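# Structural overview
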Amino acid sequence: MSFKSTFCAATALSLVTASGAFADAHSATITIATVNNGDMIRMQGYTDNFTAETGIAVEWVTLEENVLRQRVTTDITTKGGAFDIMTIGMYETPIWGANGWLVPLDDLSAEYDVDDILPAMAGGLSHEGTLYAAPFYGESSMIMYRTDLMEAAGLEMPDAPTWEFVAEAAAAMTDRDNDINGICLRGKAGWGEGGAFITAMSNSFGARWFDMDWNAQFDTEQWANTLNFYKGMMDASGPSGYATNGFNENLSLFNQGKCGMWIDATVAASFVTGDDSTVADSVGFALAPDTGLGKRSNWLWAWALAIPAGTQQQAEAKQFIEWATSTDYIELVAANEGWANVPPGARTSLYENPNYIDVPFAQMTLDSILSADPNDSTVDPSPYVGIQFAAIPEFAGIATEVSQEFSAAYAGQQSIEEALEKAQAITNEAMEAAGYR
Amino acid sequence: MARAVTTQRKIITTAAAWTIGLLIFFPIYWTILTSFKTEAQAINDPPLFFAFDWTLENYAVVQERSDYMKFLWNSVIIAGGSTILGILVAIPAAWSMAFVPSKRTKDILLWMLSTKMLPAVGVLYPISLIFVEFNLLDTRGGLMVVLMLINLPIIVWMLYTYFKEIPGEILEAARMDGATLKEELLYVLTPMAIPGIASTVLLNFILAWNEAFWTLNLTAANAAPLTAFIASYSSPEGLFFAKLSAASTMAIAPILILGWFSQKQLVRGLTFGAVK
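Since the structure is predicted, the reported quantities are computational estimates derived from the model, not experimental observations.

### Digging into the overall build of chain A
Secondary structure summary: chain A contains 18 helices and ten strands in total. The C-alpha radius of gyration of chain A comes to 24 Å, within 12% of the 22 Å expected for a compact globule of 437 residues. With the C-alpha coordinates aligned to their principal axes, the bounding extent of chain A is approximately 75 × 55 × 50 Å. Within chain A, the fraction of its 437 residues that count as buried is 50%. Considering only contacts within chain A whose residues lie at least 6 apart along the sequence, 73% involve residues at least 24 apart.

Right under this line is the structure:
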């Protein structure tokens, strides 16, 4: 083939592919953006049931959590209309609802029984009393601990322990020679990783992010106590390199039998008692610890389904949300995969079901969720909604920077005092720029 | 006079080359190896190198969950299309800069390169709004244009460098023989620069294939390429490393094979003009 022919063929191919490519058309199917986790992937597997029932086809776009956040935020702010349903969390829902970016879910059918949604979840996914996203599953955080190591240490875990007990138990369970760390906690930078953990923990020490005038509170004794306690306990009983550990790293350590205790999302309970865990038979659960000030250190989160205001297929999207977050769906999963695999933490009726309450971690998950109140998360009054976050648009950016300073302190790159000073400056500067102060 | 190469020097150079090569290849090797483990074996400490029960289960799960061929086809179309479009624009541009330079040519070249210094996220909103306005979101054509524009500075620079190595007298001779501009470009310049063009095409194809910012942010269900396929297996809450590795292996396999078979051409093109 001559060069001229090759060149012409290449040009033609380019034009053909381009013209065909520009002709991509959105079909009548609904498109759902979601995260990659066990419950969401399971739901994708049952999509055919929904299509068979309603005739509505479903396209899934599954992305990693942070990528998904960026993608759906861009789509909703530019009115891109790429998605008919978005999987969003408790942080985004009230903010986006207030901005008018989401379709209110105030006309769900009677059979759906909206009053069955756990009040804490419904509250966190509403703005001014209007529900903007339906919870697919909800979670809090709790202690997962090794019953065998606790017994060997001669201790007994109370149902509602204090931080003092946790630190004492962690020290007793630590066995460096056998690579056992008394406690594993998140230290990784990121507002949804170590930032979420330390914020929830700080609530139990009487700290808060802002006072009622939106002034940062990192210069208070409560924050210093929180960080000093965390670092002291982790240096003594935590794994090496804990400053870079997040959910997955700790899950890996716990499943390999290298953690005595792990305080993290309740959803992890099914992982540490599942087939991939080497310690599945010796795991106990307890409420996240407190310091006796009236607030525990557990958080509240839900992955929920919401409809962006720009969608052309609102009715179909609502139909899907009713199906996916219904009690019928829970029963469908239970019938096929057992009660331990149903999406937890969304509906009251699930915890009244005798089949489910037999699942080892069910009651503790419910107790943890019920003990978390996003509208009253701090000992002293605060102007924001949210437990491990403050539901304002600026929070994610600020908290990411602040958690980077904290992680640097955990790693010994700076002192706790320096980290808190920087956190105070970062936060006040950002809040001033945003017009809060 | 050629410098004598001692045996000791040969051994050191060879050892260094192999060490660097193996270090570069190790992450790919580890990804491929992990894809044949169970999720529990994937996180085992100490890491398992060979002594584990090899399984194809992850590939089966990935195949069942995702339409791999759809993602692959999108990758081929987007990477291929953007490369062809890029070459069509870059050849005349590089020709004019190499053989008919103006006093601003150097500035233009530097300005083109400076666009690569802007973080992609800096123009996320303008590009997204343009895509929404022109109904290009989640279309392969839209992505082809964006990726072509992103890689264009590199293509033009590479071609410019290759073209500069070709003596202008040859083109002048062609002109004296009555060749038109089109004929000069098609029959004289391009055939002489084939090694350079080939390596530019390959490099651009690889860059477009691996691009993971725009391909994630401007697609949904229809035009998503293999980068989106990999992203769908990444999770901060759940240990799915083995499945992620299987998806990654499936995504990089085509480009790895292409690179393997064309490495001679690639190296020849990249070193074209390096030694005078």
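### Describing the packing of helix 7 (residues 140-164) of chain B against helix 10 (residues 194-210) of chain B
When two helices pack together, their arrangement is given by the angle between their axes and by how far apart the axes lie. Residues and elements named next belong to chain B. Running from N to C, helix 7 and helix 10 cross one another at 155°; their axes reach a closest spacing of 10 Å. With respect to helix 10, the element helix 7 is oriented roughly antiparallel. Crossing of helix 7 against helix 10: the hand is right-handed. Facing helix 7, whose interface residues are Leu147, Asn151, Ile155, Met158, Leu159 and Tyr162, helix 10 presents Gly196, Ile197, Thr200, Asn204, Leu207 and Ala208. Among the residues forming the contact of helix 7 with helix 10, the class breakdown is eight nonpolar, four polar and no charged.

### Quick look at the nonpolar core
Formed by 190 residues in total, the largest nonpolar core has its most connected members in Ile85, Met144, Met261 and Ala304 of chain A together with Ala94 and Leu159 of chain B. By residue number, the principal contributor to this core is helix 7 of chain B, which donates 15 residues. Here this core spans two domains, and each of domain 1 (29-138 + 301-364) and domain 2 (140-299 + 375-433) of chain A adds at least three residues to it. Excluding its chain neighbours within four sequence positions, the residues that come into contact with Ala94 of chain B are Val156, Leu159, Tyr160 and Phe163 of chain B.

### Quick word on the interface of chain B and chain A
In many reports, interface size means the accessible area that the parts give up when they come together. Across the contact, 40 residues belong to chain B and 39 residues belong to chain A. The dominant element in the side of chain B that touches chain A, judged by the number of residues it contributes, is helix 4 (residues 68-99) of chain B, at six residues. Broken down by class, the residue content of the side of chain B that touches chain A amounts to 23 nonpolar, twelve polar and five charged.

### Considering helix 13 (residues 241-261) of chain B
Residues and elements named next belong to chain B. The end-to-end C-alpha distance of helix 13, which contains 21 residues, comes to 29 Å, matching closely the 30 Å that a straight helix rising 1.5 Å per residue would cover. A bend of about 40° at Ala253 is the largest found in helix 13, and the proline Pro254 appears one to four places after it. Within helix 13 the residues assigned to the buried category are Phe241, Ala242, Lys243, Leu244, Ser245, Ala246, Ala247, Ser248, Thr249, Met250 and Ala251. Contacts from the buried residues of helix 13 go to helix 1 (7-34), helix 2 (39-42), helix 3 (57-65), helix 4 and helix 12 (226-231).

### Some words on the environment of Asp177 of chain A
With respect to the element layout, Asp177 of chain A can be found in the loop between helix 8 (163-173) and strand 7 (181-184). Separated by 77 residues in the primary sequence, Asp177 of chain A and Phe254 of chain A place their C-alpha atoms 17 Å from one another.

### A short note on the confidence of the model for chain B
Residues and elements named next belong to chain B. Here chain B shows a mean pLDDT of 90. Residues at 70 or above account for 96%. By mean pLDDT, the top-scoring element of chain B is helix 4 (95), and the lowest-scoring one is helix 14 (residues 263-270) (74). As a predicted assembly, this complex carries a pTM of 0.84 together with an ipTM value of 0.81.

### Overview of the domain arrangement of chain A
Residues and elements named next belong to chain A. Split by domain assignment, chain A resolves into domain 1 (29-138 + 301-364) and domain 2 (140-299 + 375-433). Contact with domain 1, which involves ten residues of that partner, is made by 13 residues of domain 2. For the side of domain 1 that touches domain 2, the per-class residue count stands at eight nonpolar, two polar and no charged.

### Comments concerning unusual backbone geometry
A cis geometry characterises the amide bond from Asp45 of chain B onward to Pro46 of chain B, with omega recorded as 5°. By the element assignment, Pro46 of chain B lies in the loop between helix 2 and helix 3. One non-glycine residue, Asp113 of chain A, adopts positive backbone phi at about 55°. Within the element layout of this structure, Asp113 of chain A appears in the loop between helix 5 (92-98) and helix 6 (119-124). Assessed through the 14 C-beta atoms surrounding it within 10 Å, Asp113 of chain A is described here as partly exposed. Backbone geometry at Asp179 of chain A places phi at a positive 60°, although glycine is not the residue there. Mapped onto the secondary structure, Asp179 of chain A falls in the loop between helix 8 and strand 7. Exposure remark for Asp179 of chain A: the 13 C-beta atoms within 10 Å place this residue in the partly exposed category.

### Some thoughts on the confidence of the model for chain A
Residues and elements named next belong to chain A. Mean pLDDT for chain A: 91, with 94% of residues reaching 70 or above. Low confidence marks residues 15-21, where pLDDT is under 50. Its contacts with residues over four positions away, or in another chain, come to twelve contacts. Low pLDDT, under 50, characterises residues 23-27; the predicted model gives this stretch five contacts beyond four residues in sequence or across chains.

### Some remarks on the pairing of strand 1 (residues 30-35) of chain A
Residues and elements named next belong to chain A. The buried count for strand 1 comes to six of six residues, which makes it a mostly enclosed element. Across the two faces of strand 1 the burial is the same, with Ile30, Ile32 and Thr34 and Thr31, Ala33 and Val35 all buried. Two strands pair when backbone bridges link them, and strand 1 and strand 2 (residues 58-63) are joined in this way by six bridges, in the parallel orientation. From the neighbouring strand, Ile30 faces strand 2, where its bridge partner is Val58. Two strands pair when backbone bridges link them, and strand 1 and strand 3 (residues 85-88) are joined in this way by two bridges, in the parallel orientation. Each residue of the ladder has a partner; that of Ile32, found in strand 3, is Ile85.

Reading the values: rules and limits
- Position numbers for residues start from 1 in each chain and track the written sequence from start to end.
- For naming, the first written chain is A and the first written ligand is 1, with later ones following in the order written.
- Local features in a predicted model are, by the rule used here, given only for residues with pLDDT of at least 70; side-chain atom pairs are given and counted only at 80 or more, and totals for whole chains, interfaces and linings are based on all residues.
- Labels follow the DSSP assignment, with helices taken as runs of H or I lasting at least four residues and strands as runs of E lasting at least two, numbered in each case from the N terminus.
- When we talk radius of gyration, it's over C-alpha atoms, and the globule rule is simply 2.2 Å times the number of residues to the 0.38.
- Each residue is classed by its C-beta neighbour count within 10 Å, where at least 20 other C-beta atoms makes it buried, 12 or fewer makes it exposed, and intermediate counts make it partly exposed; the C-beta atoms are placed from backbone geometry.
- Any residue pair is listed as a contact if its two C-beta atoms, each placed from the backbone, are within 7 Å.
- Between the N-to-C directions of two axes lies an angle of 0 to 180 degrees, each axis being a line fitted to C-alpha atoms and, for a helix, fitted only over the stretch in contact.
- Roughly parallel means an angle under 35 degrees; roughly antiparallel means over 145; roughly perpendicular covers 65 to 115; every other angle is labelled oblique.
- If you view the pair so one helix is near and one far, a crossing is left-handed when the near helix is turned anticlockwise from the far one by less than a right angle, and right-handed when it is turned clockwise.
- Any residue that is not Ala, Val, Leu, Ile, Met, Phe, Trp, Tyr, Cys, Pro, Asp, Glu, Lys or Arg is counted as polar, Gly included; the first ten are nonpolar and the last four charged.
- Any nonpolar core is a set of buried residues, restricted to Ala, Val, Leu, Ile, Met, Phe, Trp, Tyr and Cys, that join up through C-beta atoms within 7 Å.
- An automatic or database domain assignment provides the domain bounds reported here.
- Helix span is expected to be 1.5 Å times the residue number reduced by one.
- The bend at a residue is defined as the angle formed between two axes, one fitted to the seven residues ending at that residue and one fitted to the seven starting there.
- Within a predicted model, pLDDT stands for the predictor's per-residue confidence, ranging from 0 to 100.
- If DSSP finds at least two bridges between two strands, the strands pair.

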